[in-house]
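Now for the letters of each chain:
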Amino acid sequence: MTTSIVAYIGVMAGVTYLVRMLPFVIFRKKIKSRFVKDFLYYVPYAVLGAMTIPAAFYSTGNVASASVGIAAAVLLALKNKGLLAVAAAACIAAFAAELLMKFLLV
Amino acid sequence: MESKKLSFKEGLADGVPIGLGYLSVSFSFGIAAVTQGVSALAATVVSMTNLTSAGQVAGLSIITAAGTLLEMALAQLIINMRYALMSLSLSQKLDTGFTTPHRFLAAFGITDEIFAVASGKPKEITPSYMYGLILLPFLCWSAGTLLGGIAGSVLPEMLRSALGIAIYGMFIAIFIPPARKSAGVLVTVIISAAMSCGLRYIPLFSHVSSGFAIIICTLAASAAGAILFPRGGQKEAEAE
């Protein structure tokens, strides 16, 4: 690994700031293109979809316990529970699954 | 009707619920960072300088995969491109006191939630209000990351691995409710997730790094969503 963490963070921060700052400082007109508006509207959801699947299945180091955690999260999210409740449920379910597997495999 | 301008104090108050929400998300980001081998300190610096969730998580995976700086820049550009639209939209309702130096400074704090609250205000946005609104979320986002990083470093392995799923639980909680209401959001998420799996598992694409995978999925799925499910006049109604 040759790239330093400082360089990574510098690029991250620089690009993120420019994206926020340039339109705020320079542009004074509204975006007219409907396609661009819709595209930007869908971007966060596309990002979340790509980042969550399949990565979430490897997030606990064990696909089985992660699957249990994801199932719990989906279930609670479908019931419109808040972010914290859903995240906590995913952790607890994954932890319980790991405990159970350890118990059964010993 | 009072004509008083929006104050710093009012901004602070509006920032409280955002800050509380940020604490938990950044806490899980801190855990995810140390789990992937990035120090708590580095993770905290990332949070203090970026103030965004999705971009930071993607950045983390690029750092741990030793990706290139170009990949990092492109990933941040595309994932955070939505802020450009928010900045643009918010720039239309700024108070005359919002001079260029204030714009340079306040632009740093435009996040999904801060934008949503600021643009929902019936009055024009003053610099004082904007700084008040940004302050607590910024502090909570930074402190939460540090605490998560420290907790992630000291917790036993099994507990830590279970906590590694927290941030994905939050992601799921963010996209599932709107995906139930909007076919466009649902299809966008499905296309993006399917492509993400394809890029990961199909041997032909095994050289595509995680950062570029997110870029490709985001561009294609968002474009598909915009083409297949145009949102009509909804956006204008929302912006008023």
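Residues numbered from 1 in each chain as written. Chains lettered and ligands numbered in written order. Predicted model: local features only at pLDDT ≥ 70, side-chain atom pairs only at ≥ 80, totals over all residues.

So, about the overall build of chain B. The number of helices and strands found in chain B is 13 helices and zero strands. Put simply, chain B runs from its N terminus to its C terminus through helices and strands in the order α-α-α-α-α-α-α-α-α-α-α-α-α. Against the globule reference of 18 Å for 240 residues, chain B gives a C-alpha radius of gyration of 19 Å, in line with a compact fold. Along the longest, intermediate and shortest principal axes, the C-alpha atoms of chain B span 65 × 45 × 35 Å. Here chain B, with 240 residues, has 50% of them falling under the buried criterion. Long-range pairs, those at least 24 residues apart, make up 80% of the contacts in chain B with a sequence separation of at least 6. (Helix = DSSP H or I, 4+ residues; strand = E, 2+ residues; numbered from the N terminus. Rg over C-alpha atoms; globule rule 2.2 N^0.38 Å. Buried ≥ 20, exposed ≤ 12 C-beta atoms within 10 Å, placed from the backbone. Contact = placed C-beta atoms within 7 Å.)

Among the nonpolar cores identified, the biggest contains 113 residues, and Met-51, Ala-73, Val-86, Ala-90, Cys-91 and Ala-94 of chain A together with Ile-214 of chain B are the most heavily contacted of them. Counting residues domain by domain, this core receives three or more from each of domain 1 (8–166) and domain 2 (182–240) of chain B. Setting aside its immediate chain neighbours within four residues, Cys-91 of chain A contacts Gly-69 of chain A together with Ala-162, Leu-163, Ile-165, Ala-166 and Gly-169 of chain B. (Core = buried A, V, L, I, M, F, W, Y, C linked by C-beta atoms within 7 Å. Domains from an automatic or database assignment.)

Taken as a whole, chain B shows an average pLDDT of 90; of its residues, 95% reach a score of 70 or greater. Of the regions scoring below 50 in pLDDT, residues 235–240 of chain B engages in three contacts with residues more than four places distant in sequence or in other chains. (pLDDT = per-residue confidence, 0-100.)

Residue Pro-54 of chain A is bonded to the preceding Ile-53 of chain A through a cis peptide linkage, with omega at 5°. Summarising the element assignment, Pro-54 of chain A is placed in the loop between α2 (34–52) and α3 (63–78). One non-glycine residue, Asn-80 of chain A, lies in positive phi territory at about 60°. Among the structural elements, Asn-80 of chain A can be located in the loop between α3 and α4 (83–105). Given 12 C-beta atoms within 10 Å, Asn-80 of chain A falls into the exposed group. Its identity is not glycine, yet Ala-66 of chain B carries a phi of approximately 55°, on the positive side. Structurally, the position occupied by Ala-66 of chain B is in the loop between α3 (54–64) and α4 (69–79). Assessed through the 11 C-beta atoms surrounding it within 10 Å, Ala-66 of chain B is described here as exposed.

This part covers helix α2 (residues 40–50) of chain B. Of all the positions in α2 of chain B, only Ala-40, Ala-42, Ala-43, Thr-44, Val-46, Ser-47 and Asn-50 of chain B are classed as buried. Contacts made by the buried residues of α2 of chain B are with α1 (5–25) of chain A together with α1 (8–35), α3 and α8 (127–154) of chain B.

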